[in-house]
Every structure is written in C-alpha cells, then in structure tokens.
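Observations on chain architecture
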Amino acid sequence: MDNNDDIIKQGLEQVMNTYSRFPMVIVEGRGAKVWDANGKEYLDMVGGIAVCILGHANPYLNRVLKEQSEKLWHVSNLYWNKPQIELAGKLVNAANLGKAFFCNSGAEANEAAIKLTRKYFYRQNMNNKTDIIVFKNSFHGRTMATITATGQDKYQQGFAPLLPGFNYAEFNELGSVEALINDKTAAIMVEPVQGEGGVLPSSAAFIEGLRKLCDEKGLLLIFDEVQCGVGRLGECFAFQHYGVNPDIITLAKGLGGGFPIGAMLASNEAAKGFEPGDHASTFGGNPLACALGNAIIETVNNKDFLLQVKKKGDYLKGKLTGIDDARILNCRGMGLMLGLEMSCDNKSLIELCRLKGLLLIGAGPMVVRWVPPLNIETNELDQAIEIFKQALVEWKD
C-alpha cells in the first residue's frame, strides 16, 4: 500500500519543481476535512487556497458534475452551450454588469482584463492609452502580463524584461494614484482585499476615490476579485461592500468550487473593446465548469447564506483576536478571508499546526491566512482554534 513517502519520492522525480510542497499527499476530502495517504485527518483552513468554498466532495456539486458529465463535456466556443449562457446571466445580473468572458484561472481572467482595456481604447482611436496603474504588494497571476502587474519583486525576479505599461502606486493611498495618472493611463487595477500581499482590505474612502478618479479622467476601474469574490467576504462580490461599481471584475478560485474556471465581467461599454478574434480560450466556459459555476452562484448569492458567512467570519475573527499571545499583532480581513499578522516569520508555526492536524497557509512571511469553506460548521472553527492555540504554546519562533 502506498504512503506519503513513497508517493512523494515519485513526485520529486517526475513533477517539475515549482512549489515548495508540504511533505504530505492528500488523497481524500469531505467538507472541511482531508486525509493524507497515511490516513491522517486534518482540518483544512486552506481550502485549495480559497477555492473549495463549499468544502471537499460536496454532495450537491458532485451530483451537478455527474449529471453534466453524462450530457456534454466540451464543444469549444465555436458553438453555444447552455450552462455557459446561464452562468453568464447569473453573474452579470448579480454584479449589475453587461457581459461575461470565461476562461480557466484567475491569471487568465486578469490577462483578459488587461487585453480588453487596451483594445477598448484602441477601438476609440486612443492608441496612446495603454498603461494600467496597479499597486505595490498586489498579486494578479503568473503570466508575463500578470506578474508584471503584480507589485511584488519576488514574483518578477528572473523574468526580465517585463512588459511595459504598468505603474505601481501605494495601496490605500489615493494621492499616490493621482500622481501617476497621465495621458497614457487607461485603467486602475486593484484587489479590494490584497490576498497574497497579506490579507489587506481597501478602505472605503480609497475605493470611492478610485471610482471618482476613473470617472473624472475617463479611465476603466478593474477589480481583481479572484480571491476575495464569490461570497468570500460575505457578499456575492467584494465590491458590494463598498457601494462602488467597477467597469471590469475578474473572478476564479471559488467560482467552480474546486473545478477550474475563471471569468471576466465587464460593463456593456467596456465590453465593446472585444470583437470576434480579439481574445479566446479553448476550454473557457466549457459545460462542466459552467454547470458547477451555476450551482455555486445559486448557493452563494443567497442572503441567508451570505449572512452566515458574515457571522462565521465575525466569530472566527473574535476567536483569533481573543488569543493571548504577544506575537500576534492583529487580525484583519472580512468574512471568511482573515489574516493573522505575527511579529515573526510564520513558516514554522504553520508546519507545527500541520503536524497537529490543522492546515493553514501564509500570506507573506508574517501573516497566517484563514480561508476555510464558506459552509464550515462553527464547531469545526472551534476545533481549529484549539489546535492553533496548542501550536502557539509549543511554538519557538
């Protein structure tokens, strides 16, 4: 019988070395729990990095996937398919936008937003408007355009020359944005809550200020909601916390509940930038992914469900804030996207939690990120907190 060590040995020989992986092989998951190849059980507060928003092996999603798999898997976007059209309608209606483009990941969704921005102004004979203001400490993906848009040097090292057309402002500092706007500026691209950068929420004044600047200067406002969207903050979309409507939204992660899918939503005006042949995705919007996306949005875009996300988020935040340990500096975030800032590197603490049966992830070296399934039970949050507290007692930073 295989165990963790045997499987990992084969992986090290055959899988490209692009991740610093934990020494475990997850073979099964159910709800907020997973089991490794040795049969050890873990509480999963990572959820595939904010992806499995209805937990692992969710019975409803399993049923939807099975039903769709017996009808149609793939036809390409040479033809229409019904699940894609249904999901587009659900998303644009919920977001009060115009049209949707489907792809397979957050990086692809952000790449599409960058291309749409440039093509939109090109079609208006404003070829000079090519640049996008992005933010330091941000993360937008791993393609050449999206790592350039990402405001963290560590992701860009070794990939020079980076693409031109991106200017980096200070997050939550409106004056820094204003100083960068010039005749070439086409858009501002921002995460309402910076995820990989440390779970840093935007202030309401900052988001409102960005919308005002875009309106005054004729710019597009792009919200990267790849990690913070789809119910994660207790609203269907992150922008709904701020009462500010973007021109473009990008989504992925939780939209498929674990099945790969990404989406870019745009206003009818911004969507004019794309015509047939301007952009495409062979697998984007396939019936399997969209059937699951429909099930996710039907579940998440529900007032009672979202209220429970807010309540559980407040509960978890209260529990984390109440831990008496001088190395905990603060707890920030919204809904079930929380970051616990530590005074020292979190790597050994996260490993100690793993050994005790609790899976967590960092958001940079000083922040422990909590992104559990949105339907997690309160008693499971309690169990996670107890394990975390036990780990803190033993932790030697």
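In case you missed it, the structure is sitting above this.
Residues numbered from 1 in each chain as written. Predicted model: local features only at pLDDT ≥ 70, side-chain atom pairs only at ≥ 80, totals over all residues. Heavy atoms only, no water.

Proximity of charged atoms lets side chains of opposite charge pair with each other. This model, assessed by the stated rule, comprises 19 salt bridges. With a closest N to O distance of 3.7 Å, Lys 33 and Glu 41 form a salt bridge. With relative accessibility at 24%, the residue Lys 33 sits in the partly exposed group. Here Glu 70 and Lys 66 are joined by a salt bridge, their closest N and O atoms 2.9 Å apart. What you see here is one network of salt bridges that share partners, running through Lys 119, Arg 123, Glu 275 and Asp 278. (Salt bridge = Lys/Arg side-chain N within 4 Å of Asp/Glu carboxyl O. Buried < 20%, exposed > 50% of the residue type's maximum accessible area, 1.4 Å probe, protein only.)

Quick look at the nonpolar core now. Counting 82 residues, the largest nonpolar core has Leu 91, Leu 320, Leu 358, Trp 370 and Phe 388 as the members making the most contacts within it. By residue number, the principal contributor to this core is helix α11 (residues 287-300), which donates eight residues. Aside from chain neighbours lying at most four places away, what touches Leu 91 is Phe 102, Phe 237, Leu 251, Leu 255, Ala 263, Leu 265 and Ile 297. Of all hydrophobic cores here, the second largest spans 24 residues; its members include Ala 112, Ile 114, Ala 186 and Ala 187. (Core = buried A, V, L, I, M, F, W, Y, C linked by side-chain atoms within 4.5 Å. Helix = DSSP H or I, 4+ residues; strand = E, 2+ residues; numbered from the N terminus. Contact = heavy atoms within 4.5 Å.)

A complete count under the given rule lists seven aromatic pairs for this structure. Here Phe 135 and Phe 206 contribute two aromatic rings whose centre-to-centre distance is 5.5 Å and whose plane-to-plane angle is 75 degrees, an arrangement assigned as edge-to-face. Of the two residues, Phe 135 sits in strand β5 (residues 131-135) while Phe 206 sits in helix α9 (residues 204-217), which places them 71 residues apart along the sequence. Taken as a pair, Phe 135 and Phe 206 share a single burial class, namely buried. (Phe/Tyr/Trp six-rings, centres within 6.5 Å; stacked < 30°, edge-to-face > 60°.)

Attention now moves to the sheet that holds strand β15 (residues 358-359). What the four strands build is an open sheet, ordered β1-β2-β3-β15; its pairing is mixed. Taken across any chain shown, the strands that pair with only one partner, and hence form the sheet edges, are β1 (26-30) and β15. One ladder, built from two bridges, connects strand β3 (residues 41-44) with β15; its direction is parallel. Bridge pairing in β15 places Asp 44 opposite Leu 359. (Pairing = 2+ DSSP bridges.)

Another point: the state of the cysteines. Evaluation of the coordinates by the stated rule reveals zero disulfides. With no disulfide of its own, Cys 103 lies 10 Å from the sulfur of Cys 290, the closest cysteine sulfur. The thiol of Cys 228 is unpaired, and the distance to the nearest cysteine sulfur, on Cys 236, comes to 12 Å. (Disulfide = S-S within 2.5 Å.)

This part covers α9. Under the 1.5 Å per step criterion, the end-to-end length of α9 is 20 Å for 14 residues, consistent within 8% with the ideal 20 Å. For α9, every residue scored as buried is listed here: Phe 206, Ile 207, Gly 209, Leu 210, Arg 211, Leu 213 and Cys 214. Those residues of α9 that are buried are in contact with β5, α8 (174-180), β7 (185-190) and β10 (220-224). Downstream of α9 by a residue or two, Gly 218 has a phi angle that is positive, lying close to 70 degrees. (Expected span 1.5 Å × (residues − 1).)

The grouping of Met 144, Phe 159 and Leu 163 at the surface amounts to a nonpolar patch, some 260 Å² of accessible area in total. As for its position among the elements, Met 144 is in helix α6 (residues 144-149). Among the residues examined, Met 144 registers a relative accessible area of 35% and is labelled partly exposed. (Patch = residues over 30% accessible without salt bridge, like charges linked within 9 Å, V, L, I, M, F, W, Y side chains within 5 Å. Areas by Shrake-Rupley, 256 points an atom, 1.4 Å probe, with all protein chains shown as cover.)

The strand order β4-β12-β11-β10-β7-β5-β6 describes an open sheet built from seven strands, whose pairing is mixed. Every other strand in the sheet has two partners, leaving β4 (99-103) and β6 (166-169) as the edge strands with one partner each. On average, adjacent strands in this sheet sit at an angle of 20 degrees to one another, irrespective of strand direction. Direction of pairing for β5 relative to β7: parallel, over a ladder of three bridges. Of the residues in β7, the one forming a bridge with Ile 132 is Ala 187. Contacts from helix α5 (residues 106-123) reach β4, β5, β6, β7, β10, β11 (248-251) and β12 (262-266), with the element oriented near 160 degrees to β11. Where α9 meets the sheet, it contacts β5, β7 and β10, and its direction lies at approximately 145 degrees from that of β10. (Axes fitted to C-alpha atoms, helices over the stretch in contact; angles between N-to-C directions.)

Here the focus is the side chain of Ser 202. Take Ser 202: it is sitting in the loop between β9 (200-201) and α9. Apart from residues no more than four positions distant in its own chain, Ser 202 is found in contact with Phe 171, Asn 172, Val 190, Glu 191, Pro 192, Ile 207 and Tyr 242.

This part covers the environment of Thr 148. Inspection of the secondary structure assignment puts Thr 148 in helix α6. Residue Thr 148 is classed as buried on the basis of its relative accessible area of 2%. Considering only alpha carbons, one finds Thr 148 and Asn 167, 19 residues apart in sequence, at a separation of 9.5 Å. Ignoring sequence-local partners within four residues, the contact set of Thr 148 consists of Gln 156, Leu 162, Leu 163, Phe 166 and Tyr 168.

Checked against the element boundaries, Ala 291 lands in helix α11. Overall, Ala 291 belongs to the buried group, its relative accessible area being 11%. Through-space distance from the C-alpha of Ala 291 to that of Gln 84 is 7.6 Å; in sequence the pair is 207 residues apart. The contact partners of Ala 291, leaving out residues within four places of it in the chain, are Val 64, Gln 68 and Pro 83.

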